[in-house]
Every structure is written in C-alpha cells, then in structure tokens.
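Residue-level listing of the chains:
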Amino acid sequence: MNFSLGDRLIDPPVLLAPLAGITDLPFRTLVSRFGAGLVVSEMIASGEFLTARPGTREKAELGAGIENTSVQLAGRAPEPMAETARHVADMGAKVIDINMGCPAKKVTGGWSGSALMREPDHALRLIEAVVGAVDLPVTLKTRLGWDGDCLNAAQIARRAEEAGVRMIVIHGRTRCQFYKGAADWAAIREVVEAVSIPVVANGDIVDAATARAALKASGAAGIMVGRGAQGAPWKLAQISAELYGTPAPDVPRGKAFYQMVAEHYEAMLGFYGKELGGRVSRKHLGWYMDHAAPDAQLRKRVLTAREPAETLQLLDEALACDLQVAA
C-alpha cells in the first residue's frame, strides 16, 4: 500500500511526525536510515525565518533537499508564509507542510498552529498563498478541531483539497485536549470520507498493533508516528515490516546498539556544536537508556557529564544491558 504526492511515491505510508526539539536533522537521518516513507522537519516559524533569527533558517537549510523530507512551516499571515515557502523551495525542498495542528500556547497565542482552525476562512487564504507560491506538493497537518464544540477538520480538509493541498494529516485530538486522553482514530474517518486526497492518521500510534487499529478505525491511507519513535528510530521501519511486508529493520543490540547511540550523539554535537549539542542530546540519551534501565546514579552521570569522551565512556556502561531494545 502506498500513495503519491505529485511525482513522489510515499512508500511505505508510514511517516515521521514533526516534533519540536526532537525531529532535527540528526534524528531524521537516523530514522530514514532504518526506513520511512516520509520524515517531517521541525516546525519553521515563517516570521522568524524571514528575519533570519538564529536556528530557524539553518533548520530548513540543513535537510530541505533530502529526498524523503518534508519541511513544515507555521505562521499567521499569508504573505510571509508564501515567501518562506518560496525560499524553502529554492533550498531544494521536495514537500512543504503547513502546520495547523500545534497546540502549544506560544504558537496558538500568536494565532498560528491549531488556532487557525478557529478561523477557517483565514486559514484557507494562508493555504492558497502557500500553494500558489510554489510548484511543489503542499500538505496540511491539523487536529480534529479546536475543541469539542469546534470539530471542523472535515470541512477544512475539503476546502484545503479544493485549494490544491495534496495530503492531510489528522491528529485524533482537539487542540484543547493537547495530548490528554486517547486519540480518536474513528473521528478521522469523517475527514477521509470528505476528500479524495490521502489522509494520514496520527496520535498514539506506537507500534504495529496501534497502527493497524488506527488504520482500521479511520480508513486512512497511512499513519504518522511521533512520540512512539523517541528512543526507537527503527520503529517506523518495524511497523512497515509488520503491516506492509517491507524488509524488517536490523534492530541493534549489544555493542551495535551502543554504536548507533554513540553515532547519533556525535551527530548532534556536529550539528549543534559541543555545548548546545550536549544539552539537546540529553533527552535522546535518556530515551535510549530506558531500554537498558541502568541504575539511577549511572543514568545521572551520563546526563550530567560535560565532556563528550566521558559521556561516551559512561554510555558504554549504561547501555550494557539493553535487554529491552527491541520493545
């Protein structure tokens, strides 16, 4: 099973969700190495991008041209979003995604992200501006609605398709739910039935069983994995193998697991620099150590070490008992 975005085949239809501070270039590269139909960059704020605020332009430049990467944009005004889309396209982007799903207060407070679902007419103008600005597939990521009284994902999806959007990802919660409760995959079916373009289900999909259940309940063309991939960059490929018969990933164990983690750690240092990379890496190292469950003191030493050589030495010890790595 697969689907196309223009001339781009999404195969397998298992996608990596954009997660702020997590799906950076080093992590997307690692996930792609195991196998994924599409990986989506961290959200790029159009206003910050255009004023060249440190960090935003670099996120787009470093990875925009990679074949299976979609660059996600967020913003409030059509003109800056369109201009940002043109810049990202010039950098080599293959797919552009519009963020209308982020629930964070700092995003919705500026009337971006899922706050746009409260103003469908304005959201449509933004969508039309981006689609009209580039000769690339444009996709859209939303939630079911703002809250239980504003479940308008299907209506927005229908209008987005008419405006030229080529794929829609729906997180099965409202904005006001944030990440509480369970994702309502069955509610996504209304969106699937409202459009003819591919719809991808997102929310609480962490393994093949939940992926299969989400597909059955929603009727979606594919699934998107977010938090389920934290500490498990092979997870998308593992789900693909079980659902679609693609080659099963070689999940690393023992020294191979340590080597993968060490390479990811060093890639983060190379991408961000020693100081920032050391800080950014801590959450990833913590998730990796969850597989091995080292004692609390050793875990703390890994996460507080200041020198890369010391971190790597301690990691070797901390990951020695990775009995749960394939979970």
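Residues numbered from 1 in each chain as written. Predicted model: local features only at pLDDT ≥ 70, side-chain atom pairs only at ≥ 80, totals over all residues. Heavy atoms only, no water.

Draft legend 1. Seen up close, the overall build of the chain. Scanning the chain from terminus to terminus reveals 14 helices and 11 strands. Rg of the C-alpha trace for the chain: 19 Å, near the compact-globule value of 20 Å for 327 residues, within the 12% margin. Viewed in the frame of its principal axes, the chain has a C-alpha envelope of about 55 × 45 × 35 Å. The buried share of the chain, taken over its 327 residues, is 55%. A separation of at least 24 residues holds for 68% of the contacts in the chain among residues at least 6 apart in sequence. Of the roughly 13600 Å² of accessible surface on the chain, 51% is carried by carbon and sulfur atoms. (Helix = DSSP H or I, 4+ residues; strand = E, 2+ residues; numbered from the N terminus. Rg over C-alpha atoms; globule rule 2.2 N^0.38 Å. Buried < 20%, exposed > 50% of the residue type's maximum accessible area, 1.4 Å probe, protein only. Contact = heavy atoms within 4.5 Å. Areas by Shrake-Rupley, 256 points an atom, 1.4 Å probe, with all protein chains shown as cover.)

Draft legend 2. Local environment of the state of the cysteines. A full pass over the atoms with the stated rule returns 0 disulfides. Cys-102 forms no disulfide, and the closest cysteine sulfur to it belongs to Cys-176, at a distance of 13 Å. A relative accessible area of 18% means that Cys-102 is categorised as buried. Note on Cys-150: no disulfide assigned, nearest cysteine sulfur contributed by Cys-176 at a separation of 9.1 Å. (Disulfide = S-S within 2.5 Å.)

Draft legend 3. Expanded view of the packing of aromatic side chains. Going through the model one piece at a time under the given rule, you end up with 4 aromatic pairs. Considering the side-chain rings of Phe-34 and Trp-234, the 6.2 Å spacing of their centres and the 70° angle between planes classify their relative orientation as edge-to-face. With Phe-34 in helix α1 (residues 25–34) and Trp-234 in the loop between β11 (222–225) and α10 (235–244), the pair connects residues that are 200 residues apart, well separated along the chain. One exposure class covers both Phe-34 and Trp-234, and it is buried. (Phe/Tyr/Trp six-rings, centres within 6.5 Å; stacked < 30°, edge-to-face > 60°.)

Draft legend 4. The arrangement of the UniProt feature "binding site: FMN" (unreviewed entry) in the chain in detail. With numbering matched to this structure, UniProt assigns "binding site: FMN" (unreviewed entry) to Gln-72, Lys-141, His-171, Gly-226 and Arg-227. Its relative accessible area of 1% is what places Gln-72 among the buried residues. Apart from the residues lying within four places of it in its own chain, the contact partners of Gln-72 are Pro-18, Val-40, Ser-41, Glu-42, Met-43, Ile-44, Asp-97, Asn-99 and Lys-141. Accessibility expressed as a relative area gives 40% for Arg-227, which makes it partly exposed. Other than its neighbours up to four places away in sequence, Arg-227 contacts Leu-19, Arg-173, Tyr-179 and Asp-204. (UniProt positions renumbered as here; feature names shortened; annotations may be inferred.)

Draft legend 5. The pattern of salt bridges, seen in detail. In this structure the tally under the stated criterion is 10 salt bridges. Across the salt bridge formed by Arg-299 and Asp-290, the nearest N and O atoms sit 3.2 Å from each other. For Asp-290, a relative accessible area of 43% gives the class partly exposed. (Salt bridge = Lys/Arg side-chain N within 4 Å of Asp/Glu carboxyl O.)

Draft legend 6. Expanded view of the nonpolar core. Counting 62 residues, the largest nonpolar core has Ile-98, Met-100, Leu-140 and Ile-223 as the members making the most contacts within it. If we ignore the near neighbours within four places in the chain, the residues touching Ile-223 are Pro-13, Val-14, Leu-15, Val-200, Ala-201, Ile-205, Ala-211, Ala-214, Leu-215 and Ile-239. Counting residues in each nonpolar core, the second largest holds 25 residues, with Val-251, Tyr-258, Tyr-288 and Ala-318 among its members. (Core = buried A, V, L, I, M, F, W, Y, C linked by side-chain atoms within 4.5 Å.)

Draft legend 7. Structural view of the packing of helix α6 (residues 120–133) against helix α7 (residues 153–163). Interhelical geometry of α6 versus α7 gives an angle of 30° and a closest axis separation of 9 Å. Put simply, α6 runs roughly parallel to α7. The element α6 and its partner α7 pack so that their crossing is right-handed. Contacts between α6 and α7 involve Pro-120, Asp-121, Leu-124, Ile-127, Glu-128 and Val-131 from the former and Ile-156, Arg-159, Ala-160 and Ala-163 from the latter. (Axes fitted to C-alpha atoms, helices over the stretch in contact; angles between N-to-C directions. Parallel < 35°, antiparallel > 145°, perpendicular 65-115°, else oblique. Left-handed = near helix turned anticlockwise from the far one by under 90°.)

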